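# Reading the structure
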Amino acid sequence: MFSADTLLQALIPHPSRYDMPQTLVAVEQTANMGGGAVWDVRALDAVAEVARARGIATHMDGARLMNAVVAAGVPASDMVAGYDSVWLDFTKGLGAPLGAVLCGSREFIDRAWRWKQRLGGSLRQGGICAAACLYALDHHIDRLAEDHANARILARGLAQIDGISVEQPDTNLVFFDLSGSGMEAEELAGRLRGHGILISIVGRYRARACTHLDVTEAGVREAITAVRDVLGDDARNVPPA
Ligand SMILES: *Cc1c(COP(=O)(O)O)cnc(C)c1O
């Protein structure tokens, strides 16, 4: 995540032929590696305004846009208003088996469609996929609040375990650091897999957990217990000094 000011400082005032052309500013809503953090609509507008003033196109990678919409209580139309193009995934939190859309002007979409075909992105019988995406739009947006509540339960539970520090989640992603436990994220992930719990490894001691419509509150509590057990087991396995 960055501010309009940071963007201004990154722009080259009088580009020479040696400079990389600066033609696109992209923001990610929510910011995955930012902890699933939500871009504030004022910050989004300010960034878009700086770009527009320089004739630079703007894109919102809104893979998790609806998580931001539900968390902030701001309509998607307001969040995307300053952006030339927007991406939205129907998978991820919205729970469709596949599907995503790219939105933009008619001219932009015509060009994007050609690139999609050139890259092999062709699916003739796409209607059955679109039906699942439409279902997700009708039924799976408001319920994202449950994922956010579950993420907060997970964060609170993990924070109570010795050796773990947790970043307070904005949405459905929970990042935590277990360096205090001495166990590496890869080992934790491997041992949790044995309990049927999957987490992402995002650093030597840093992991990411994600709540979504297949994860119940009971499942979250089970995950907290499993992490506690795995770390506790490990502590017992440390040879006496
Ligand atoms: C998942 C994701 C995408 C695209 O994913 P698809 O499965 O190809 O739709 C794009 N951007 C971000 C930030 C994502 O998380």
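These remarks concern the structure in this document. This structure is a prediction, so every number in the text was calculated from the model and none was measured.

Right, let's get into the nonpolar core. Core analysis: the largest hydrophobic core is formed by 31 residues, its most contacted members being Val 47, Leu 65, Met 66, Met 79 and Tyr 83. Only α1 (4-10), β1 (24-28), α2 (41-53), α3 (65-72), α4 (76-80), β3 (85-89) and α6 (127-139) provide two or more residues apiece to this core. Examining the composition of this core, we find that 5 residues originate from one element, α2, more than from any other. Non-local contacts of Val 47, meaning those with residues more than four positions away in its chain, are made with Phe 2, Ser 3, Ala 4, Leu 7, Val 25, Val 27, Trp 39 and Tyr 83. Counting 26 residues, the second-largest nonpolar core is a separate cluster that includes Ile 197, Ala 207, Ile 224 and Ala 226.

The next subject is the sheet that holds strand β8 (residues 206-210). Taken together, 4 strands build an open sheet; the order of strands is β5-β6-β8-β7 and the sheet is antiparallel. The sheet is open, and its two borders are formed by β5 (165-166) and β7 (200-201), each paired with just one other strand. By the bridge criterion, 2 bridges tie β5 to strand β6 (residues 173-177) in an arrangement that is antiparallel. Paired with Val 166 across the strands is Phe 176, a residue of β6. Most of the contacts of helix α7 (residues 144-159) go to β6, to which it runs at about 10°, and overall it touches β5, β6 and β8.

Here we take up unusual backbone geometry. Residue Thr 30 follows Gln 29 across a cis peptide bond; omega there is -10°. Mapped onto the fold, Thr 30 is located in the loop between β1 and α2. A positive phi angle, close to 50°, is found at Lys 92, a residue other than glycine. As for its position among the elements, Lys 92 is in the loop between β3 and β4 (100-103). A relative accessible area of 41% means that Lys 92 is categorised as partly exposed.

This paragraph deals with the site of the ligand. In the region of the ligand, the neighbouring residues are Glu 28, Asp 61, Ala 63, Arg 64, Trp 87, Asp 89, Lys 92 and Ala 100. Within the side chain of Arg 64, an N or O atom sits 3.0 Å from an oxygen atom of the ligand. Between the ligand and Lys 92, the relevant distance is 2.7 Å, taken from an oxygen atom to a side-chain nitrogen or oxygen of the residue. Burial of the ligand by the protein chains amounts to 59% of its free accessible area of 380 Å². Here the shell around the ligand is built from residues that sort into 3 nonpolar, no polar and 5 charged.

Note on placement: Gly 95 falls in the loop between β3 and β4. When its relative accessible area of 34% is taken as the criterion, Gly 95 is described as partly exposed. Sequence separation between Gly 95 and Tyr 135 is 40 residues; the distance between their C-alpha atoms is 9.7 Å. If we ignore the near neighbours within four places in the chain, the residues touching Gly 95 are Phe 90, His 140 and Leu 213.

What counts and how
Residues numbered from 1 in each chain as written. Predicted model: local features only at pLDDT ≥ 70, side-chain atom pairs only at ≥ 80, totals over all residues. Heavy atoms only, no water. Core = buried A, V, L, I, M, F, W, Y, C linked by side-chain atoms within 4.5 Å. Buried < 20%, exposed > 50% of the residue type's maximum accessible area, 1.4 Å probe, protein only. Helix = DSSP H or I, 4+ residues; strand = E, 2+ residues; numbered from the N terminus. Contact = heavy atoms within 4.5 Å. Pairing = 2+ DSSP bridges. Axes fitted to C-alpha atoms, helices over the stretch in contact; angles between N-to-C directions. Near = heavy atom within 4 Å. Polar contact = N/O pair within 3.5 Å; in protein donor to acceptor, adjacent residues only side chain to side chain. Areas by Shrake-Rupley, 256 points an atom, 1.4 Å probe, with all protein chains shown as cover. Nonpolar A, V, L, I, M, F, W, Y, C, P; charged D, E, K, R; others polar.

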